Amino acid sequence: MQRLLALIAALIVSLPAVAAPTADELVSRLRTVDERQRSSGDFQARVYLEQKEKGKADLVYEAEVYRRDAADKLVIFFTRPQAEAGKGYLRIDANLFVYDPTVGRWERRTERERIGGTASNRGDFDESRLADEYAPAYVGDEMLGQFEVERMRLSAMEGVDVAYPVVEVWLDKATGNLLKRQDFALSGRLLRTTYYPQWIKVFSPSKNADVYYAREIRIFDEVEKGTNTTIVFQQVQLDPLEDSIFTKAWLEAKSR
Amino acid sequence: MSTLFGIALRNLIQSRRRTALVGVAISGVTTVLVVLLALANGLQDNLVQAATTISAGHVSVAGFFKPSATNINAIVTGKTAIRALVDENVQGIDYIVERHRGWGKIVGNEGTLQVGLTGIVVDDEPKLFDTLGLAFESEYVDGGRDEVIGDARDLAQPDTMVIFASQAKRLGVRVGDSVTIKTETLAGQTNTADARIVAVARDLGLLSDFAVFVDRGLILDLYRYNDDTTGALWVYLDDIDRSEQVMRDLRVAFTEAGYNLREYDANPFYFKLPKVQAEDWTGQQIDVTTWRDEVSFLTFILTGFAALSWLLTTILVSVIAVGIMNAIWTAVRERTREVGTMRAIGLSRVRVLGLFLTEAALLGALASTVGALLGLVLVLGIDALSVPITADAARAILLSDTLHLRTTPVTLVSAVAVLTFLTTLSAIWPSIRAATLPPVKALQHAE
């Protein structure tokens, strides 16, 4: 009887170790998250950004986003409010440029540029590259509200240009969708918590599979308490885009 | 000449009311001019003090480091060798300090600020703490005490910060509170650090809105720099007027030593960042500038103030000139018969002209001297009172939180000379008219 109890106890103790996924499995799950969001063709959407900051008036922007993941190109073109209309970001390879129509000048910015002065950055609009940029470590399974999730701690790979050196993600065990993300500073301090409450899938003829996108992203600044940004994606289309869209000339012409 | 002088003096005394009236006007304008010039001098002092405390040494040896084409940091690597080169090539050094530079967001209890972080080593600072006056707590905390709280030398402790009074108000913090600094490392990753405020300094105008002092270790830790890295070497000279020459000498020395020297650009280092970022090179560039270059965007304040002073003075002098001309006209009219008599007994036209001009010059010299002395008293009095500047905009422009005026003997003598000259100049036309009156016509002139 004692032997049996000891065996049961040993099994219980070793159960998490048995259940813990391997590093390859974790990378595979991250790659699934990336792949599901990746469009082999083009991507365009209308985006609404709302920034609430303690002691300041709310900021609301409307913008058009154009993506060509295969070529690492991204355009964010602001259409509203009037004061911001015509401003735009253009990412070509590893370079992010911003265009200000009031001065008619392009400036190179870092990957960590706060888009439109909000808490969002380029990564929130671009394709997901978690598996390429971070090395995952398993933290555990837990409940996030009513969802059973898998929590991972991701560390930036050597030489990769990312804004946050450490990230934690919560993946829905049932669907594999990313539900929550926390970004940490080098010092270990929590900087942002992001929630992805709703994922939508759109069939991509070029990929011949569904492409997933978060319809809504809620970003909470954990350093400046009371500051949060909401990004809403609408009118997502995966039709091929003109090559000229991903050029400075197009953005300048459109901003006139 | 002494005869002319005597007659001119007698005439001025005889026409007491007119002399007093014009004299008071000239004195008033001189006083205004002296005060305005003292304000301009004070502004210049404030600029030099603010600039050489917050923005630069007399000469700054700084640089830009780009680990990749898109990433840029205003740092100097291999500071030991650079320091040795400066020591070797510059004569008349008073002292050299290091300034570690950074840029980040400070998050306080009630607000946030984007500021330049200046890392210092307390033991290496011979004069900073003498020029950095600390503010009373009541200046940045509602209901605070009328006494200085904290000690800026506590920056020697790790993770500490000194901020300025207007920043403390905006952040809603006081001495002893902690703030969070959020920035990006050289590799572009976000990093944070908590810093304790050990003192709150008095505002130094526009420059102090965007600068805080932190301990050097905090910058090294925040940006993950190695120990042989710094933001800039600030060279203080025995004579600040040698800054330009020393800068030129150092540029030659760095070029000869094989350093990649950035082309001279008379602007603050942060104005150059977008341009440097857009350039496609990687590695280190050294930049050598003077304190004037690092605050070149503020020279508009001095230029604007000088223009305003001269505009105001010109308007006042124009009014005075009309008054003087009118007074001399009246004198000519009153003394037409006298002029006729003098001309009839052989006084030449030139001497008549000289008589009236001497009268105007004497009036100008006496009145402007009185005005200059009055101005001196006012300047010394106002400066001694250390009148506080309450409006934020005025503090930003005047680069101080108290009104500072300074005059010099040269300024006073110049004001007297200018006003005397202008007074004499405005008397030329009526004096010529007096000198050219035909003696017969002048003698027939009815009183």
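Residues numbered from 1 in each chain as written. Chains lettered and ligands numbered in written order. Predicted model: local features only at pLDDT ≥ 70, side-chain atom pairs only at ≥ 80, totals over all residues. Heavy atoms only, no water.

Novice: Can you help me understand the packing of aromatic side chains in this one?
Specialist: Two measures describe an aromatic ring pair: the distance that separates the ring centres and the angle between the ring planes. One pass over the structure, following the stated rule, counts 15 aromatic pairs over all chains. Taking 5.9 Å as the distance between ring centres and 25° as the angle between the ring planes, the aromatic pair formed by A:Tyr196 and A:Trp199 counts as stacked. We classify A:Tyr196 as buried; its relative accessible area is 7%. Of the residues examined, A:Trp199 reaches a relative accessible area of 16% and is grouped as buried. One aromatic cluster in this structure is built from A:Tyr61, A:Phe78 and A:Tyr89. Above the ring of A:Tyr212, the side-chain terminus of A:Arg36 is found at 3.9 Å from the ring centroid. The ring of B:Phe269 has B:Arg101 sitting right over it, with the charged end atom 3.7 Å from the ring centre. (Phe/Tyr/Trp six-rings, centres within 6.5 Å; stacked < 30°, edge-to-face > 60°. Buried < 20%, exposed > 50% of the residue type's maximum accessible area, 1.4 Å probe, protein only. Lys NZ or Arg CZ within 6 Å of the ring centre and 35° of its normal.)

Novice: Would you mind going over empty space enclosed by the protein with me for this structure?
Specialist: Which parts of space are left empty comes out when a probe the size of a water molecule is rolled across the atoms. Tallied over the entire structure, the rule returns six cavities of 30 Å³ or more. Taken together, 31 residues line the largest cavity, and the ones lying closest to its centre are A:Gly123, A:Asp124, A:Asp126, A:Glu127 and A:Arg181. Elements supplying a minimum of two residues to the lining of the largest cavity: α3 (122-125), α4 (130-133), β10 (178-184), β11 (190-204) and β12 (209-221) of chain A. Counted by class, the lining of the largest cavity contains 15 nonpolar, four polar and twelve charged residues. Approximately 110 Å³ is the volume found for the second largest cavity. B:Leu12, B:Ala327, B:Ile328, B:Glu359 and B:Leu363 are the residues nearest the centre of the second largest cavity, which is lined by 14 residues in total. (1 Å grid on protein atoms, 1.4 Å probe; cavity = no way out; pocket = protein on both sides within 12 Å on 5 of 7 lines; lining within 4 Å. Points joined across faces, edges and corners; volume = space filled by probe spheres on them. Helix = DSSP H or I, 4+ residues; strand = E, 2+ residues; numbered from the N terminus. Nonpolar A, V, L, I, M, F, W, Y, C, P; charged D, E, K, R; others polar.)

Novice: Explain a nonpolar patch on the surface here, please?
Specialist: All names here are of chain B. On the surface, a nonpolar cluster with roughly 480 Å² of combined accessible area is contributed by Phe-421, Leu-425, Ile-428, Trp-429 and Ile-432. Contributions of two or more residues to the nonpolar patch are made by α14 (409-426) and α15 (428-435). For the nonpolar patch, the leading source of residues is α15, giving three residues. Examined against the element boundaries, Phe-421 turns out to sit in helix α14. The exposure class of Phe-421 is exposed, given its relative accessible area of 53%. (Patch = residues over 30% accessible without salt bridge, like charges linked within 9 Å, V, L, I, M, F, W, Y side chains within 5 Å. Areas by Shrake-Rupley, 256 points an atom, 1.4 Å probe, with all protein chains shown as cover. Salt bridge = Lys/Arg side-chain N within 4 Å of Asp/Glu carboxyl O.)

Novice: Teacher, can you tell me more about the domain arrangement of chain B here?
Specialist: Reports of interface size often rely on the accessible area that becomes lost once the parts have come together. Residues and elements named next belong to chain B. When the domains of chain B are assigned, the result is domain 1 (2-49 + 298-446) and domain 2 (57-294). A separation of 47 Å is found between the C-alpha centroids of domain 1 and domain 2. Our count for the contact surface shared by domain 1 and domain 2 stands at zero salt bridges. Joining domain 1 to domain 2, the criterion identifies zero residue pairs in polar contact (both at pLDDT 80 or more). Of all elements in the fold, only α2 (16-55) and α13 (392-398) reach the threshold of two or more residues within the side of domain 1 that touches domain 2. For the side of domain 1 that touches domain 2, the class distribution of residues is five nonpolar, four polar and two charged. (Domains from an automatic or database assignment. Polar contact = N/O pair within 3.5 Å; in protein donor to acceptor, adjacent residues only side chain to side chain.)

Novice: Would you explain the pattern of salt bridges in this entry?
Specialist: Pairs can form between side chains of opposite charge once their charged atoms are near each other. For the structure shown, the criterion picks out 47 salt bridges over all chains. With its nearest N and O atoms 3.4 Å apart, the salt bridge here joins B:Asp280 to A:Arg108. On the criterion of chain membership, the pair formed by B:Asp280 in the loop between α8 (269-278) and β11 (283-290) and A:Arg108 in strand β6 (residues 105-109) is interchain, its members lying in two chains. Residue A:Arg108 is classed as buried on the basis of its relative accessible area, which comes to 12%. One connected set of salt bridges, linked through shared partners, spans A:Arg46, A:Glu62, A:Glu64, A:Arg80 and A:Lys254.

Novice: Teacher, can you tell me more about unusual backbone geometry here?
Specialist: Excluding glycine, a negative phi dihedral is what most residues carry, and trans is how most peptide bonds are arranged. All names here are of chain A. Cis rather than trans, the peptide bond between Arg-80 and Pro-81 has omega equal to -5°. Relative to the helices and strands, Pro-81 is located in the loop between β3 (73-80) and β4 (88-92). For Asn-208, which is not glycine, the phi dihedral falls at a positive 60°. Mapping Asn-208 onto the fold places it in the loop between β11 and β12. Owing to a relative accessible area of 60%, Asn-208 belongs among the exposed residues under this scheme.

Novice: Hey, could you run me through the interface of chain B and chain A in this one?
Specialist: With 23 residues of chain B in contact, the opposing surface of chain A contributes 21 residues. Taken together, both faces of the contact between chain B and chain A bury some 1800 Å²; the carbon and sulfur share is 43%. For the pair chain B and chain A, the number of links is four salt bridges. The shortest N-O distance in the salt bridge between B:Lys105 and A:Glu224 comes to 2.7 Å. If you look at where chain B meets chain A, you find nine residue pairs in polar contact (both at pLDDT 80 or more). Sorting the residues of the side of chain B that touches chain A by element identifies β3 (93-107), β6 (178-184), β7 (190-201) and α8 of chain B as the ones contributing at least two each. (Contact = heavy atoms within 4.5 Å. Buried area = accessible area lost by both parts, 1.4 Å probe.)

Novice: Just to check I follow, could you spell out the pairing of β10(A) for this structure?
Specialist: Working note: regular strand, side chains alternate between the two faces of the sheet. Residue and element names in this part refer to chain A. Here β10 lies mainly inside the structure; seven of its seven residues are buried. Bridge analysis of strand β9 (residues 166-172) against β10 gives six bridges, and the strand direction is antiparallel. Bridge pairing in β10 places Val-167 opposite Asp-183. Between β9 and β10, which follow one another and run antiparallel, lie five residues, and Gly-176 among them has a positive phi close to 85°. Across five bridges, β10 lies against β11 in antiparallel orientation. Note that in β11 the partner of Arg-181 across the bridge is Thr-194. Linking β10 to β11, which pair antiparallel, is a turn of five residues; within it Gly-188 sits at a positive phi near 95°. (Pairing = 2+ DSSP bridges.)

Novice: When you look at the side chain of A:Gln37 in this model, what are you seeing that I'm missing?
Specialist: As for its position among the elements, A:Gln37 is in helix α2 (residues 23-37). With residues near it in sequence (within four places) discarded, A:Gln37 still touches A:Arg67, A:Asp69, A:Ser128, A:Trp199, A:Val211 and A:Tyr212.

Novice: Help me understand the nonpolar core in this model?
Specialist: Considering soluble globular proteins, one finds that nonpolar side chains tend to be buried as a cluster. Core analysis: the biggest nonpolar cluster contains 66 residues, and B:Ile26, B:Leu132, B:Val162, B:Phe213 and B:Phe356 have the highest contact counts within it. Considering every element that reaches this core, the biggest residue donor is α2(B), with 13 residues. Among the domains, domain 1 (2-49 + 298-446) and domain 2 (57-294) of chain B are the pair contributing at least three residues each to this core. Apart from residues lying up to four places away in sequence, B:Phe356 is in contact with B:Ile328, B:Ala331, B:Val332, B:Arg335, B:Val339, B:Ser431 and B:Ala434. Formed by 47 residues, the second largest nonpolar core is a distinct cluster that contains A:Phe43, A:Phe78, A:Ala163 and A:Leu171. (Core = buried A, V, L, I, M, F, W, Y, C linked by side-chain atoms within 4.5 Å.)

Novice: Which parts of the structure should I look at to understand α14(B)?
Specialist: In an α-helix, one full turn covers 3.6 residues, which means residues spaced three or four apart are oriented alike. Residue and element names in this part refer to chain B. Given a rise of 1.5 Å per residue, 18 residues ought to cover 26 Å, and the 26 Å separating the end C-alpha atoms of α14 matches this to within 8%. If you check which residues of α14 are buried, you get Thr-411, Leu-412, Ala-415, Val-416, Leu-419, Thr-420, Thr-423, Thr-424 and Ser-426. Where the residues of α14 are buried, they touch α2, α10 (299-334), α12 (349-385) and α15. (Expected span 1.5 Å × (residues − 1).)

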